[in-house]
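Notes for the structure review
Residues per chain, in single letters:
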Amino acid sequence: MADSKTVITTYEPDNSLKNGYLLTFKQIYQELTENKWLMYQLFKRDLSAMYKQSLIGFLWIFIMPIINVAVFIVLGRSGIFNFGDITVPYPIYAILGLAFWQIFANGVLACSGSLMAVGDMVKRINFSKKSVVIAAVGRGIISFLIQIVLLAVLFVVFGAVPSKYAILLPLFAIPIIFLTIGLGLILALLNSIVRDTGNLLSVSLNFLMYLTPILYAKPRIGILVNLTQYNPMYYLIAAGRDVVLTGEISEPVGFVYSCLFSISIFFVGLVFFHLTETRIAERI
Amino acid sequence: MSDVVIKVEHVSKKYCKALQKSMIYGMADIGRNLCGLKSNSERLRADEFWALKDISFEVKRGEAFALVGANGAGKTTLLKMLNGIFWPDEGKISITGRIGPLIAVGAGFHPLLSGRENIYINAAILGIGKKEIEKKFDEIVAFADIGDFLDTPVKNYSSGMYVRLGFAVAVHCEPDILLIDEILSVGDMAFQSKCMDKMHQFISGGKTIIYISHNLNSVTSMCQRAVLLSDSRVVEHGDARSVVDAYRKKVIEGARILSDGIRHGSGDVEIKKVEFLDRNGNAKKTFQRGEFLQIKISYQAHKEVFEPEFIIKFFSDKRVLITEPTTRHHAIKLDRVKGKGVMTYTIESLPFNAGRYPLAISILDLTGVMTYDAHEHLHELVVEKTLVNPIIPICGGLVYVPGKWELNQG
């Protein structure tokens, strides 16, 4: 650490205005690299506190998707719901999609609530708040990795064979993680000021999950076709799913655009958060 | 060394009374920040008020500086601004060096995690890396002195243990400036003196402390300088003892009963004035061992009360209760008290050795549960050094207890 005695910190209204926008990126980069250890500690804390007062602990990570899928199997068998053209056993298809989806859904939810969860600390200690939000994504990633194990079991049970590129599966989580962090930062900040954000988010995430072809195949006709066309989450999930099941991305252009979209949201989120984070403590 | 480490220049901070408006203002401010517009924070919008207005002071290296004032005067807000948790709406704050966290009761631990896990996380939050914390871990545990509870979830800790752990982590992170907000009220005696020692060590090591406490005695014993905040402004600034005296005067004179650590109670009977008198009935500032002392409490009962109880507590400067005479234990029955009156307590021969003795004076109702008025830190008895006294022989310690030596040889 540099000689701390020489460091002079000043607090003034509209500090970021005086410094200019270019310096913002440098500050963000510095903050993130300086706080790697903190992020790791916060992530570890989240993880070890997650199932602390629970009897079956991490088994919950398996139970959630299984129940979700089971409901859809019942609906499908009863003829109430039509999955569309799915060439692989349905549980494999659905669990694979859900594993990706929950990185996003759980991540965004966890991020948006993360500042409030440490509200007591935010009010006492001046520390990197970005780290708190970013660390909140960690849980979703761990759940994702655990669900890959569940997926492997399903492949064995159904006697199906994944493509040889299936090993690349974790890579396809990366653009989703970027998107999650970017949105998470924005939502965390809004949520610390207006609590409606969190409630609105839980409702819309549910809605969004059913709008995204995760538990069913992309339909060929109807309004969903148009909606799906502009849904980046669809392309990001479908690409990962395609690679595991067939080894070939069926809609590469959409995938590339969605990746670019994710990365730009990531940067927008960081800048948005950086410019306004001094307002958090007094409103939380 | 006389260099300034904290410089506060014309700082103001506003709050919003209405929650709904506060949210809207918050969103508006964010919008302005993003668009690169000025916040215009020096203007008050509807329902906003200044929590602090035009505060200026400087703190030098190696100094302990106190913020005193009634509840709601803005002490904690100011501390939070020094830390950068809140940003000023006007003015400028410059800090030289690493500033520690706000050390207050219950310093942000995760309730389900053990003390050990929380030490690591809290240290990481305070900017302490892996190597540093591993080196200091044993020292922190030793200072916090929580014994077997180290691996127990923090939610099972007592509030005292909580504070001990928080204080231990914070001081071992070696900040250049320590911010302390009313922590000594929770820990036990042993821990309080340990904290005091650590703080003195800190100052003599050339570091700086900003200190908030309702225990005015600890303020004068530790801090050199202070500011008195009242109605969001600095009303007194300078030498700690004179600032504290000004505050004491203000509290006693104020008709309003404050509900904080200094003065509290229902106000049905008010302590109007407390005087220390000599044998001739003249008020005196300092006394000597063996001297006559009369404590005169002038009160006013705003309504008729039955069998109230008067209590005087004498403390040592380390806050140890030395003696507590009460009208009840002296079997004095005060049937009815109404209007203005005077209660006196007389000591024929003062048994105290030289030193400062804080007094707590209170009037309770007949059950001894409800307080009419209590002055906790407002009065101090000063006993001077004397060489020889014909009435009381010289002895060590705080007080002289009459006794007799006798020798019996075989």
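Residues numbered from 1 in each chain as written. Chains lettered and ligands numbered in written order. Predicted model: local features only at pLDDT ≥ 70, side-chain atom pairs only at ≥ 80, totals over all residues. Heavy atoms only, no water.

Focus on the overall build of chain A
Note the threshold: In this description a helix means any DSSP run of H or I spanning at least four residues, a strand means any run of E spanning at least two, and both kinds are numbered starting from the N terminus. Both definitions apply: the radius of gyration is a C-alpha atom measure, and the globule rule equals 2.2 Å times residues to the power 0.38. To sort residues, take the accessible area from a 1.4 Å probe on protein chains only and compare it with the maximum for the residue type: under 20% means buried, over 50% means exposed, and anything in between is partly exposed. All accessibility values rest on the Shrake-Rupley procedure with a 1.4 Å probe; residue burial counts only the protein chains present in the view. The positive count covers Lys and Arg only, the negative count covers Asp and Glu only, and His and the chain ends enter neither. A charge is said to be at NZ when it belongs to Lys, at CZ for Arg, at CG for Asp and at CD for Glu.
Scanning chain A from terminus to terminus reveals 14 helices and 1 strand. The C-alpha radius of gyration computed for chain A amounts to 21 Å, which stays within 12% of the reference 19 Å derived for 284 residues, consistent with globular compactness. Each principal axis of the C-alpha distribution contributes one length, and for chain A these read about 65 × 45 × 35 Å. For chain A, the residues scored as buried account for 50% of the 284 residues in total. Carbon and sulfur atoms make up 68% of the accessible area of chain A, which totals about 13,700 Å². If the 20 positive side-chain charges of chain A are averaged to one point and the 14 negative ones to another, these points end up 5 Å apart.

Considering the confidence of the model for chain A
All names here are of chain A. Operational definition: The quantity called pLDDT is the predictor's confidence in a given residue, expressed from 0 to 100. By definition in these notes, contact holds between two residues if any of their heavy atoms fall within 4.5 Å.
Here chain A shows a mean pLDDT of 87. Residues at 70 or above account for 96%. Mean pLDDT per element in chain A: helix α1 (residues 15–19) is the minimum at 67, and helix α9 (residues 173–193) is the maximum at 94. Segment residues 1–5 is flagged for pLDDT under 50; beyond a separation of four residues in sequence, or across chains, it makes 9 contacts in the model.

Focus: the domain arrangement of chain B
Residues and elements named next belong to chain B. Worth spelling out the cut-off: Start and end positions for the domains come from either an automated domain assignment or a database one. Throughout, the accessible surface (probe 1.4 Å) given up by two parts as they are put together, summed over both, is called the buried area. Salt bridge, as used here: a side-chain nitrogen of Lys or Arg that lies within 4 Å of a carboxyl oxygen of Asp or Glu.
If you check the domain split of chain B, you get domain 1 (4–254) and domain 2 (262–386). At the junction of the two partners, domain 1 supplies 11 residues and domain 2 supplies 14 residues. Together, N217, R248 and I252 form the three largest contributors to the area buried by domain 1 at its contact with domain 2, with a combined 44%. Across the contact surface, domain 1 and domain 2 share 1 salt bridge.

Side note on the sheet that holds strand β2 (residues 48–60) of chain B
In plain terms, the rule: Note: two strands are recorded as paired if DSSP finds a minimum of 2 bridges between them. Note on definitions: angles span 0 to 180 degrees between N-to-C directions of axes, and those axes are lines fitted to C-alpha atoms, for helices only across the stretch in contact.
Taken in spatial order, the 4 strands line up as β1(A)-β4(B)-β1(B)-β2(B) in an open sheet, and their pairing is antiparallel. Each end of this open sheet is capped by a strand with a single partner; those strands are β1 (8–11) of chain A together with β2 of chain B. On average, each strand axis in the sheet is inclined to that of its neighbour by 20°, with strand direction left out of account.

Section: the nonpolar core
Nonpolar side chains in soluble globular proteins generally cluster together in the buried interior. Condition: Side-chain atoms within 4.5 Å link the members of a nonpolar core, which is a set of buried Ala, Val, Leu, Ile, Met, Phe, Trp, Tyr and Cys residues.
Grouped together as the largest cluster of nonpolar side chains are 171 residues, with contacts concentrated most on B:F167, B:I209 and B:I210. No other element matches the 17 residues that helix α5 (residues 90–117) of chain A contributes to this core. Setting aside residues no more than four positions away along its own chain, B:I209 makes contact with B:E63, B:A64, B:F65, B:L178, B:I180, B:M199, B:F202, B:I203 and B:M222.

Section: the sheet that holds strand β8 (residues 225–230) of chain B
Residue and element names in this part refer to chain B. Taken in spatial order, the 6 strands make up an open sheet running β5-β6-β7-β3-β8-β9, and their pairing is mixed. Every interior strand has two partners, whereas the edge strands, β5 (99–103) and β9 (233–239), have only one. Neighbour-to-neighbour, the strand axes of this sheet turn through a mean angle of 15°, independent of strand direction. Examined bridge by bridge, strand β6 (residues 177–181) and strand β7 (residues 208–212) share 5 bridges and lie parallel to one another. Note on β7: the bridge partner recorded for L179 is I210. Sitting on the sheet, helix α2 (residues 75–83) touches β3 (64–68), β5, β6, β7 and β8, and the angle it makes with β5 is about 150°.

Observations concerning the interface of chain B and chain A
Reports often express the size of an interface as the amount of accessible area lost when the parts come together. What counts here: Polar contacts, as counted here, are pairs of nitrogen or oxygen atoms within 3.5 Å of one another; within protein the pair requires one atom able to donate a hydrogen and one able to accept it, and residues that are adjacent in sequence qualify only if both atoms are side-chain atoms. Classes in brief: Ala, Val, Leu, Ile, Met, Phe, Trp, Tyr, Cys and Pro nonpolar; Asp, Glu, Lys and Arg charged; the others, Gly included, polar.
Facing 60 residues of chain B, the contacting portion of chain A comprises 43 residues. Between chain B and chain A, a total of about 4,700 Å² is buried, with carbon and sulfur atoms accounting for 61% of that surface. For the salt bridge of A:R279 with B:D29, the shortest nitrogen-to-oxygen distance reads 3.3 Å. Connecting chain B to chain A are 7 residue pairs in polar contact (both at pLDDT 80 or more). Of all the elements in the fold, those that place two or more residues in the side of chain B that touches chain A are α1 (19–35), α2, β4 (90–96), β5, α3 (115–125) and α4 (130–144) of chain B. If you tally residues by element for the side of chain B that touches chain A, the top one is α1(B), at 10 residues. Class assignment of the residues belonging to the side of chain B that touches chain A gives a composition of 29 nonpolar, 18 polar and 13 charged.

Structural notes on unusual backbone geometry
Residues and elements named next belong to chain B. Positive phi, normally seen in glycine, also occurs at H10, with a value near 50°. Here H10 lies in strand β1 (residues 4–16). Unlike most non-glycine residues, E174 shows phi in positive territory, near 50°. Within the secondary structure layout, E174 lies in the loop between α5 (159–172) and β6. Owing to a relative accessible area of 45%, E174 belongs among the partly exposed residues under this scheme.

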